[in-house]
Amino acid sequence: SSLVASPAGWFATGDETGTVRYFKADGTPDGQLATGQPFTDTLRLTADGGLAIAATEAVVIADAQHHITHTVHTRTQPWIALVGPDPDSVTTLDHDGFHVYGLDGTLRRTIAGPPEDTDGPPAIAPDARHAAWMTGGTVTVADLVAGTSRTIATDGRNEMAISPDGSLFAYIDRSDRVH
């Protein structure tokens with residue numbers, strides 16, 4: 001199961017039957033969406049108030065009115081899915097890295113990503129333009145538009161954060177300093 005909270009005051013859950021259920025802020029049900037997939041993995045908010053839903057070898061995009069606008073078939077099951085970085089694309093993360101797909105399902109590019117055993121979940125900007133992760137204290141950042149990544153530190157201590165708009169990444173080093 002997965003859960004996401006919207007700044008607009010609603011919540012959504014995804015489950016192992018491929019159904020997304022919407023709830024009002026007070027917890028009362030507010031509809032559901034059958035994704036057409038065997039199950040849902042993660043839910044991420046889109047800039048227009050909808051959802052990007054990582055499912056079995058697909059990304060399902062739903063608009064703010066809870067209607068499916070696109071189903072993008074992927075090479076593998078994504079752990080995470082986001083709309084962007086291009087206006088007509090989705091980005092997924094799986095064991096092979098980051099993949100940028102057109103809404104027609106065409107793979108546009110692949111960027112090396114974190115291994116499965118990272119020091120916590122990767123921080124990915126909401127617009128899917130940048131990502132950062134830590135593995136064994138090594139902090140790596142990726143430009144998902146340019147398709148590049150680089151190590152920026154080797155003294156991380158497991159904590160990473162990203163600002164809500166994705167403009168700022170931070171980590172704590174082994175001397176308890178924030179970078």
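Residues numbered from 1 in each chain as written. Predicted model: local features only at pLDDT ≥ 70, side-chain atom pairs only at ≥ 80, totals over all residues. Heavy atoms only, no water.

Summed over all chains, the structure comprises seven salt bridges. Arg177 is the partner of Asp173 in a salt bridge, and the nearest nitrogen-oxygen pair spans 3.0 Å. Arg177 sits in the partly exposed class, given a relative accessible area of 48%. Beyond isolated ion pairs, a larger network of salt bridges with shared partners links Asp86, Asp88, Arg108 and Arg109. (Salt bridge = Lys/Arg side-chain N within 4 Å of Asp/Glu carboxyl O. Buried < 20%, exposed > 50% of the residue type's maximum accessible area, 1.4 Å probe, protein only.)

Strand pairs in the sheet, formed through backbone hydrogen bonds, run parallel or antiparallel to each other. Strands sit in the order β9-β10-β11-β12 across an open sheet of four strands; the sheet is antiparallel. The open sheet has two edge strands with one neighbour each: β9 (80-83) and β12 (107-111). Ignoring strand direction, the axes of neighbouring strands in this sheet form an average angle of 20 degrees. Two elements, strand β10 (residues 89-94) and strand β11 (residues 97-102), share six bridges in a ladder whose sense is antiparallel. If you follow Leu93 over to β11, its bridge partner there is Phe98. (Pairing = 2+ DSSP bridges. Helix = DSSP H or I, 4+ residues; strand = E, 2+ residues; numbered from the N terminus. Axes fitted to C-alpha atoms, helices over the stretch in contact; angles between N-to-C directions.)

In this structure, Ile80, Leu82, Leu93, Phe98, Val100, Ile111, Ile124, Ala128, Ala131, Trp133, Ala142 and Leu144 together form the largest nonpolar core, which totals 12 residues. Counting only elements with at least two residues in this core, the list comes to β9, β11 and β14 (130-135). Here Ile80 is in contact with Thr42, Arg44, Ala54, Thr91, Thr92, Leu93, Pro122 and Ile124, once residues within four sequence places are set aside. (Core = buried A, V, L, I, M, F, W, Y, C linked by side-chain atoms within 4.5 Å. Contact = heavy atoms within 4.5 Å.)

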